[in-house]
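Report on the structure
So you can see what is in the structure, the chains are spelled out below.
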Amino acid sequence: GEGDVSAAKNMRKALGSLVEKKSQPEKEEDNEFDRLLAGKRERDSDGQEEGDLLEQFARRKKEFIAQKKALYVPEPRYGGIEQAVEEGERRPASYEIIKNKGLTPHRKKANRNPRVKKREMFDKKLKARKGQVREVLTGRAGSYAGESTGIKANISKSRRIV
């Protein structure tokens, strides 16, 4: 049907981008795909042909991914361990060399998160301000409700007139 043709086209594009170009073996596969696209290929009653094609595609994709991983996997690095380096090879770089941090002072955990640092600074300044400025009393402004902190009998803040 039409769905088979479009699926085969998509698969052909994917396989074409995954597999390296080779002269002889690729032509046979091209012929297989062309036959599949033209609808000339006979099918088994249980659709086993499609399964074979999918298995082949999956296998090739796994091989391609494995090759790609092997290409980008760096050599293991062991920082601080002295190891014998053969002639013509370079020694692997240690963590200290890669990061190039040098001598750095210890920093607080809050420094990693600017929002948390600012919140802590605000709390600190708020506490310092509470010691300097009296809290604003809210309530009824019109009538006198007595001393809000209570009357202390042992404190006298009066002035003597001489």
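From a predicted model like this one, the values you see are computed outputs, not experimental measurements.

Here the focus is the overall build of the chain. Tallying secondary structure elements over the chain gives five helices and zero strands in all. For the chain, the sequential pattern of α-helices and β-strands runs α-α-α-α-α. Out of the 162 residues in the chain, the part that is buried amounts to 9%. Nonlocal contacts in the chain, meaning residues at least 24 apart in sequence, comprise 35% of its contacts between residues at least 6 apart. Accessible surface, the chain: about 15900 Å² in total, of which carbon and sulfur atoms supply 51%.

Outside of glycine, negative phi angles account for most residues, and trans bonds account for most peptide bonds. If you check the backbone angles, N100 has positive phi at about 50° while not being a glycine. Mapped onto the secondary structure, N100 falls in the loop between α4 (95–99) and α5 (114–132). For N100, a relative accessible area of 64% gives the class exposed.

Let us look at a positive patch on the surface. On the surface, a cluster of positive charge is made up of K108, K117, K118, K124 and K125. For K117, the position within the fold is in helix α5.

Okay, the confidence of the model for the chain next. Per-residue confidence for the chain gives a mean pLDDT of 76, with 60% of residues at or over 70. At the low end of the mean pLDDT range in the chain sits helix α2 (residues 24–38), at 60; at the high end sits α5, at 96.

This brings us to the pattern of salt bridges. Evaluated as defined, the whole model comprises one salt bridge. We note a salt bridge from E63 to R59, for which the minimum N-O separation is 3.5 Å. Here the residue E63 and the residue R59 both occupy positions in helix α3 (residues 48–72), the gap between them amounting to four residues, near one helical turn. When its relative accessible area of 43% is taken as the criterion, R59 is described as partly exposed.

Before going further, it helps to examine α5. For α5, spanning 19 residues, the distance from its first C-alpha to its last is 27 Å, which sits close to the expected 27 Å at 1.5 Å a residue. Burial of α5 is sparse: only one of the 19 residues sit out of reach of the surface.

The topology assignment puts R91 in the loop between α3 and α4. Ignoring any residue separated from it by four or fewer positions in sequence, one finds R91 in contact with V85 and I97.

About the thresholds
Residues numbered from 1 in each chain as written. Predicted model: local features only at pLDDT ≥ 70, side-chain atom pairs only at ≥ 80, totals over all residues. Heavy atoms only, no water. Helix = DSSP H or I, 4+ residues; strand = E, 2+ residues; numbered from the N terminus. Buried < 20%, exposed > 50% of the residue type's maximum accessible area, 1.4 Å probe, protein only. Contact = heavy atoms within 4.5 Å. Areas by Shrake-Rupley, 256 points an atom, 1.4 Å probe, with all protein chains shown as cover. Patch = residues over 30% accessible without salt bridge, like charges linked within 9 Å, V, L, I, M, F, W, Y side chains within 5 Å. Salt bridge = Lys/Arg side-chain N within 4 Å of Asp/Glu carboxyl O. Lys, Arg positive; Asp, Glu negative; His and termini not counted. Charge placed at Lys NZ, Arg CZ, Asp CG, Glu CD. pLDDT = per-residue confidence, 0-100. Expected span 1.5 Å × (residues − 1).

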